[in-house]
Amino acid sequence: MAPLRLAVAILLLALLVAAGAAAHLPTAGCCRLARYARFFCFGDSLTDTGNAAIFPSTAGGPSTRPPYGETHFGRPTGRASDGRLIIDFLVEGLKVPQPTPYLAGRTTAEFINGTNFAVGGATALDPAFLASRGVMSSVPVSLSNETTWFHNVLQLLGGSSSEHELRKITASSVFYVGEIGLNDYIYSHIDQSVDVAASLVPHIIGAIRLALTEMVSAGARTLVVTGMLPLGCEPQLLALFPGDDHDPATGCVARLNKLAERHNRALERMLGELRRAHPGRLFLYADIYRHVIRAVASPAAYGFGGRPLAACCGGGGGKYNFDFAAFCGAPGTAACADPSEFVSWDGVHFTEAANRLIARAMLRGLRRRRAIAATVCPPSARLASPLVTAE
């Protein structure tokens, strides 16, 4: 069986079992529940499938111009990559509809099959809070704005549904919180220092916690939360801060990666607290950091070429091929011949190949899946599950 298909099957088993536990259904039938119906997505450009292309302050940005989207779609779609994002692979793997970008929808029919609230450039913290720390955000959208949009969608769906039906919608959905906080840390490091960026960790984790709590209050039962990527391996930061201390094993900026690790430890602790506070819900931590680090340290082992810290697309040249003045899609810039050999697409975002790798590893490594299956479903039900089949 293909690794991605197997990983998807394992995750789906965990999601189905979790739904059974949350709904207090008999364990004998927990592995026979219907599949999840939709995704509600939150985050920034690593998850945005079209909102930034519509939002006034970001419309017409790089992701709306070639060569973005060239690998899979053959045209720009508003995704910050040469092709599909992590969320696209998750949606395809779980066989649910593609969620509608919030700013592209208007009607109940457009949102009933899922909604993507993520916006490229969004921050976890409100712009006013960041400004109070001497940090300026370039996009006036934060995680609290995205949760407000989510409540707007719920009100729209509720107009044609009873409260019971609305709860069934949220209970049968996967709430995916993609990486969020990256822009807060980058803006803080550029405007101030890595120490100021590090001081934001508890505030960012608090903002994520508040958003998750609101989702649970709305009836969410299954929440997948993505950790921070290795900041020190971003070509843009490597090019902007060439004098920083580099890890000899990866070539990444050590201090920035330690910041990402601190964020992820705090995020996992917070998710543990929410699990204890809401025993009927499933909170899954999805790791990005470890898998990107491995690909950077040993690119050939993961199918990449010999420049894992360089951008595929851009006009920067040099070791990292990154320059804000010659960003991917600008006149005079070009994409590499084979994006699948690169981890970074434009110095900020991943290639489709890297997104596929991350999605596969994320599905395979999502926390608690085996423990949940072992404690909720009896062995006979697990062995008889049609979700894991030979190919």
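Residues numbered from 1 in each chain as written. Predicted model: local features only at pLDDT ≥ 70, side-chain atom pairs only at ≥ 80, totals over all residues. Heavy atoms only, no water.

- If you look the chain up in an unreviewed UniProt entry, it shows as GDSL esterase/lipase from Urochloa decumbens.
- According to the UniProt record, the Sequence similarities (unreviewed entry) comment for the chain is "Belongs to the 'GDSL' lipolytic enzyme family." (UniProt positions renumbered as here; feature names shortened; annotations may be inferred.)

### Some thoughts on the state of the cysteines
Argument step 1. Here the structure, examined in full by the defined rule, presents three disulfides.
Argument step 2. In this model Cys 233 forms its disulfide with Cys 252; the gap between the sulfur atoms is 2.0 Å. Measuring handedness by torsion sign, the sulfur bridge of Cys 233 and Cys 252 sits at about 105° and is right-handed. Placement of the pair is Cys 233 in the loop between β5 (222-226) and α10 (235-240) and Cys 252 in the loop between α10 and α11 (254-277), with a sequence separation of 19 residues. An identical accessibility class is assigned to Cys 233 and Cys 252; each is buried.
Argument step 3. Across the disulfide, Cys 312 is cross-linked to Cys 336 (sulfur-sulfur distance 2.0 Å). Handedness of the Cys 312-Cys 336 disulfide follows from its S-S torsion of about -95°: it is left-handed. Linking Cys 312 in the loop between α12 (289-297) and α13 (352-365) with Cys 336 in the loop between α12 and α13, this pair joins segments that are 24 residues apart in sequence.
Argument step 4. Taking the relative accessible area as the measure of exposure, Cys 336 reaches 16% and is therefore buried. (Disulfide = S-S within 2.5 Å. Helix = DSSP H or I, 4+ residues; strand = E, 2+ residues; numbered from the N terminus. Buried < 20%, exposed > 50% of the residue type's maximum accessible area, 1.4 Å probe, protein only.)

### Some words on a nonpolar patch on the surface
Argument step 1. Nonpolar side chains collect at one region of the surface, where Ile 190, Leu 240 and Phe 324 lie side by side and expose about 270 Å² of accessible area between them.
Argument step 2. Inspection of the secondary structure assignment puts Ile 190 in helix α7 (residues 182-191). (Patch = residues over 30% accessible without salt bridge, like charges linked within 9 Å, V, L, I, M, F, W, Y side chains within 5 Å. Areas by Shrake-Rupley, 256 points an atom, 1.4 Å probe, with all protein chains shown as cover. Salt bridge = Lys/Arg side-chain N within 4 Å of Asp/Glu carboxyl O.)

### Considering the nonpolar core
Argument step 1. The biggest cluster of nonpolar side chains holds 102 residues, and the ones touching the most others in it are Phe 39, Leu 212 and Leu 231.
Argument step 2. Top contributing element to this core by residue count: helix α9 (residues 201-217), with nine residues.
Argument step 3. Those residues in contact with Leu 212, other than ones at most four positions away along the chain, are Val 177, Leu 223, Val 225, Met 270, Leu 271 and Leu 274.
Argument step 4. Formed by 11 residues, the second largest nonpolar core is a distinct cluster that contains Tyr 68, Ala 310, Phe 322 and Val 348. (Core = buried A, V, L, I, M, F, W, Y, C linked by side-chain atoms within 4.5 Å. Contact = heavy atoms within 4.5 Å.)

### Comments concerning the side chain of Ser 142
Argument step 1. Topologically, Ser 142 is positioned in the loop between α4 (127-132) and α5 (143-158).
Argument step 2. Within polar-contact distance, the side chain of Ser 142 engages the side chain of Ser 144 at 2.9 Å.
Argument step 3. Not counting residues within four places of it along the chain, the set of residues in contact with Ser 142 comprises Thr 123, Ala 124, Leu 125, Asp 126 and Pro 127. (Polar contact = N/O pair within 3.5 Å; in protein donor to acceptor, adjacent residues only side chain to side chain.)

### Quick notes on α9
Argument step 1. Relative to the 24 Å expected for 17 residues at 1.5 Å per residue, α9 spans 24 Å between its end C-alpha atoms, a close match to the ideal helical length.
Argument step 2. The set of residues buried in α9 consists of Val 201, Ile 204, Ile 205, Ala 207, Ile 208, Ala 211, Leu 212, Met 215 and Val 216.
Argument step 3. Of the residues one or two after α9, Gly 219 is the one with positive phi, at around 110°. (Expected span 1.5 Å × (residues − 1).)

### Here's the deal with the environment of Ile 86
Argument step 1. Along the chain, the position of Ile 86 falls in helix α2 (residues 86-94).
Argument step 2. Residue class for Ile 86 comes out buried when judged on its relative accessible area of 3%.
Argument step 3. Along the backbone, Ile 86 and Arg 356 are 270 residues apart, and their C-alpha atoms lie at a distance of 6.5 Å.
Argument step 4. Once residues lying within four places of it in the same chain are set aside, the contact partners of Ile 86 are Tyr 176, Ile 288, Asn 355, Ile 358, Ala 359 and Met 362.

### What to know about the packing of α5 against α9
Each packed pair of helices is defined by two parameters, the angle between the axes and the distance between the axes.
Argument step 1. Taken N-terminus to C-terminus, the directions of α5 and α9 make an angle of 10°; their axes are 10 Å apart at the nearest point. On the basis of their axis angle, the class for α5 and α9 is roughly parallel. Of the residues in α9, those in contact with Leu 143, Thr 147, Phe 150 and His 151 of α5 are Ala 207, Ile 208, Ala 211, Glu 214 and Met 215. (Axes fitted to C-alpha atoms, helices over the stretch in contact; angles between N-to-C directions. Parallel < 35°, antiparallel > 145°, perpendicular 65-115°, else oblique.)

### Some remarks on the packing of α9 against α11
Argument step 1. The contact between α9 and α11 brings their axes to 10 Å, and the two run at 35°. Considering how the two elements wind past one another, α9 and α11 form a crossing that is right-handed. Contact residues: Val 201, Ile 204, Ile 205, Ile 208, Arg 209, Leu 212 and Thr 213 in α9; Leu 259, Arg 262, His 263, Ala 266, Leu 267, Met 270, Leu 271, Glu 273 and Leu 274 in α11.
Argument step 2. Grouping the amino acids of the contact of α9 with α11 by side-chain chemistry returns 11 nonpolar, two polar and three charged. (Left-handed = near helix turned anticlockwise from the far one by under 90°. Nonpolar A, V, L, I, M, F, W, Y, C, P; charged D, E, K, R; others polar.)

### Here's the deal with the pattern of salt bridges
Argument step 1. Counting across every chain of the model gives eight salt bridges.
Argument step 2. Its salt-bridge partner being Arg 84, residue Glu 352 comes within 3.1 Å of it at the nearest N-O pair. Highlighted residues: Glu 352 in helix α13 and Arg 84 in the loop between β1 (38-42) and α2, separated in sequence by 268 residues. For the pair formed by Glu 352 and Arg 84, the shared burial category is buried.
Argument step 3. Here Glu 165 and Lys 168 are joined by a salt bridge, their closest N and O atoms 3.8 Å apart. With a gap of three residues between them, Glu 165 and Lys 168 both fall in helix α6 (residues 163-171), about one helical turn apart.
Argument step 4. Residue Lys 168 is classed as partly exposed on the basis of its relative accessible area, which comes to 45%.

### Considering the sheet that holds strand β4 (residues 173-177)
Argument step 1. Read across the open sheet, the six strands follow the order β2-β3-β1-β4-β5-β6; overall the sheet is parallel. The open sheet terminates on both sides in strands that have one partner only, identified here as β2 (100-101) and β6 (282-286).
Argument step 2. Where β2 lies against strand β3 (residues 115-116), two bridges are found, and the strand directions are parallel. Within the sheet, the bridge partner assigned to Thr 100 lies in β3 and is Thr 115.
Argument step 3. The strands touched by α6 are β1 and β4; relative to β4, the strand with the most contacts, the crossing angle is about 55°. (Pairing = 2+ DSSP bridges.)

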